[in-house]
Amino acid sequence: MENHPRSMREEFDRMFIGGQNPTLSSSTANAAGSVLQDHFYSHQQPPFTTTVNGGFPIDHNVAYPFMNKEQRRLPAMGSHFGANPVRSILDYSDRYLALSPEFREYNPYSGCNYSGLAGGFDHQSSLNGFLETLSDRNLEINFNRLNISSPVPSPVPVNRGIRCYDMCCNPQSIRRDYGGLSTRVFDNVLDFPNPNNSHLLQPRSQLKRSKFPASVKDIRGRIRMVAKDQEGCQFLQTKCEGGKPEDIEMIFDEVKDHIFELMTDASMNYLAQKLFKVCNERQMTHIVVSVISDDNNLTNICLNSHGTRAMQKLIELLKTPEHRSLIVSALRKITLTLTKNTNGQHVIQNCLKSFHVDEVQPILNVVADNCLDIATDKSGCCVLQLCVLHADEASKERLMTEIIANALELSEHPYGNYVVQHILGMHIPDVTAHILKNLAGNFVNLAMNKYASNVVEKCIKDAADDQSTQIIREIINSPNFLGLIQHPFGNYVAQSVLQTAKGSLREMMINKVQKEYAYLHSHPHGKRVLALARNSKPRGLSMHE
């Protein structure tokens with residue numbers, strides 16, 4: 001064949017219409033061409049031509065002026081210039097008969113007329129081909145080397161009565177919504193919806209349909225069971241927020257006998273909190289009586305991780321003195337248990353914050369009777385600090401008397417030391433003086449204790465000048481002064497002394513530290529105190545004196 005432009009154009013049309021690829025095997029090319037033609041005929045599309053814009057033939061040196069010289073030398077494969085011969089596994093569907101139709105549908109080129117578009121391919125599809133490079137120009141894939149057997153290539157059957165609703169074939173139309181995919185039977189490639197314009201990509205909120213009716217009346221008799229479901233519980237919460245008395249009454253009537261379950265369930269406790277907000281006084285009275293009727297159930301509600309939240313919300317929403325009195329009288333019996341529990345402590349704290357001091361007096365009396373036991377508990381020490389803040393004068397004095405009497409023991413305790421620091425931070429002169437009096441003579445030993453050292457630092461920084469001076473003199477004159485500076489915890493107390501001391505007392509502390517230079521300059525803890533003393537030394541004072 002001569003290299004005549006007309007003959008070359010005819011050869012190109014033959015390759016283009018037949019779907020043949022000069023770099024593929026003949027069986028693969030024939031299969032691809034048959035599938036392509038079936039898709040065309042089912043759409044009743046005219047055959048492909050190589051003419052555009054009124055029948056003018058394509059000149060690949062002119063039609064794509066944006067192409068460089070290398071791209072112009074590349075063969076035009078199908079309807080996409082410069083496409084890699086190995087474009088997609090979908091071009092070889094005859095080799096993969098087991099592929100489902102929905103997978104094959106992801107090929108955006110099957111049976112769609114793109115001849116009027118400019119060269120290129122749909123970049124939005126993840127299964128499209130790749131642009132060919134010069135190194136891939138002569139690439140061939142021999143499928144016989146793969147471990148796939150296909151004796152006779154068979155094209156994918158096409159239902160010619162099905163119309164394609166994709167935008168590629170109907171740019172002016174809107175694709176129909178077929179509803180759920182699970183209810184359809186897909187006979188062929190064209191019958192499966194294209195995911196690029198399917199309703200599957202719609203927002204989830206639009207597709208999700210509520211399985212509950214719009215009215216509470218329709219689930220009457222099943223409200224308790226609905227509340228156990230997460231979505232059902234949210235539905236009932238929405239109805240409570242709506243504030244319709246008839247809806248609230250229906251919900252209340254079916255859950256009022258199951259208050260314990262309502263407050264302790266992982267989902268239902270949120271409904272309980274919403275219901276407490278909208279209940280009237282009669283309904284709230286029934287809830288309060290149900291909660292306090294059994295001490296064991298009340299304890300379990302307060303100790304439960306979900307029940308404690310519902311109980312706290314109930315306490316916050318109690319408005320009448322009668323309701324509050326009922327709750328306090330019931331909690332008084334289990335106050336010690338609750339204060340020493342991680343979840344239960346919040347119930348007691350909420351009572352102290354929400355109720356008047358006279359209303360919580362029974363709880364304060366229980367705390368005062370067990371002050372030392374509560375102060376040495378991880379959760380109880382937090383409750384005790386709050387009790388001191390919210391108590392009246394009589395109760396506060398009783399609590400402080402207990403704390404002062406056990407100040408030395410509490411200072412050395414992992415949790416009790418926080419209570420002592422809290423009392424010192426209130427800056428009550430008489431109380432501070434009594435605590436310092438009980439700790440006098442033990443400040444050096446306390447300074448070398450992991451927990452009590454914090455108390456000693458608090459005393460030095462927050463006490464009055466005359467009170468802190470006594471503590472500093474006791475430390476300076478101690479025979480174990482060097483051991484204090486070298487101690488892992490005591491060195492922090494020594495640094496606090498250097499930062500707090502004033503006048504002659506400060507010079508005395510600096511001189512005492514400098515005299516121990518030989519034992520401190522290379523010590524891991526002592527060198528910190530020495531460095532602070534060096535930065536604090538008065539002018540004209542030699543470091544090695």
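Residues numbered from 1 in each chain as written. Predicted model: local features only at pLDDT ≥ 70, side-chain atom pairs only at ≥ 80, totals over all residues. Heavy atoms only, no water.

Visitor: Could you clarify how one ought to interpret the overall build of the chain in this entry?
Guide: On a plain count of helices and strands, the chain comes out with 31 helices and 4 strands. The buried share among the 545 residues of the chain stands at 43%. At a minimum sequence separation of 6, the contacts of the chain that also span at least 24 residues come to 67%. Carbon and sulfur atoms provide 50% of the accessible area of the chain, an area that totals close to 29300 Å². (Helix = DSSP H or I, 4+ residues; strand = E, 2+ residues; numbered from the N terminus. Buried < 20%, exposed > 50% of the residue type's maximum accessible area, 1.4 Å probe, protein only. Contact = heavy atoms within 4.5 Å. Areas by Shrake-Rupley, 256 points an atom, 1.4 Å probe, with all protein chains shown as cover.)

Visitor: Is there a simple way to think about the packing of helix H12 (residues 295–303) against helix H13 (residues 307–317) in this case?
Guide: Angle between the axes and distance between the axes are the two parameters that describe a pair of packed helices. Relative to each other, H12 and H13 sit at 105°, their axes nearing to 5 Å. With respect to H13, the element H12 is oriented roughly perpendicular. Residues Leu298, Ile301 and Cys302 of H12 form the contact with H13, whose own contacting residues are Gly307, Thr308 and Met311. Residues of the contact of H12 with H13, tallied by class, amount to 4 nonpolar, 2 polar and no charged. (Axes fitted to C-alpha atoms, helices over the stretch in contact; angles between N-to-C directions. Parallel < 35°, antiparallel > 145°, perpendicular 65-115°, else oblique. Nonpolar A, V, L, I, M, F, W, Y, C, P; charged D, E, K, R; others polar.)

Visitor: Which parts of the structure should I look at to understand unusual backbone geometry?
Guide: Peptide bonds are mostly trans, and most non-glycine residues show a negative phi. A positive phi angle, near 55°, is found at His427, a position not held by glycine. By secondary structure assignment, the location of His427 is in the loop between helix H22 (416–425) and helix H23 (429–439).

Visitor: I keep staring at the nonpolar core and nothing clicks. Help me out?
Guide: Generally speaking, soluble globular proteins have nonpolar side chains that are buried together. Met311 and Leu331 are the most contacted members of the largest nonpolar core, which totals 107 residues. It is helix H19 (residues 380–390) that provides the largest number of residues to this core, a total of 6 residues. Leu331 has contacts with Leu298, Cys302, Ile315, Leu338, Val347 and Cys351, leaving out every residue within four places of it along the chain. (Core = buried A, V, L, I, M, F, W, Y, C linked by side-chain atoms within 4.5 Å.)

Visitor: What's the story with the pattern of salt bridges in this structure? I'm lost.
Guide: Two side chains that carry opposite charge are able to pair once their charged atoms sit near each other. All chains considered together, the criterion is met by 10 salt bridges. For the salt bridge of Lys313 with Glu316, the shortest nitrogen-to-oxygen distance reads 3.7 Å. One end of the pair, Lys313, and the other, Glu316, are both in helix H13, 3 residues apart, so they sit about a helical turn from each other. With its nearest N and O atoms 3.3 Å apart, the salt bridge here joins Lys340 to Asp373. (Salt bridge = Lys/Arg side-chain N within 4 Å of Asp/Glu carboxyl O.)

Visitor: Mind showing me how you'd approach the side chain of Thr320 here?
Guide: Along the polypeptide, Thr320 turns up in the loop between H13 and helix H14 (321–331). Its relative accessible area of 18% is what places Thr320 among the buried residues. A polar contact is formed between the side chain of Thr320 and the side chain of His323, at a distance of 2.9 Å. (Polar contact = N/O pair within 3.5 Å; in protein donor to acceptor, adjacent residues only side chain to side chain.)

Visitor: Just checking my understanding: could you explain the side chain of Lys239 for this structure?
Guide: Mapped onto the elements, Lys239 comes out in helix H7 (residues 230–242). One buried charged side chain, Lys239, makes no salt bridge at all; its nearest oppositely charged neighbour is Asp247, positioned 5.1 Å away. (Lys, Arg positive; Asp, Glu negative; His and termini not counted.)

Visitor: Could you clarify how one ought to interpret the confidence of the model for the chain in this entry?
Guide: The predicted coordinates should not be examined in detail at positions where pLDDT is low. Summary statistics for the chain give a mean pLDDT of 75 and a share of 59% for residues scoring 70 or more. Note on residues 75–90: pLDDT under 50 across the span, and 53 contacts to partners over four residues away in sequence or across chains. Predicted confidence is poor over residues 95–130, with pLDDT under 50, and the contacts of this stretch with residues over four places away or in other chains come to 86 contacts. (pLDDT = per-residue confidence, 0-100.)

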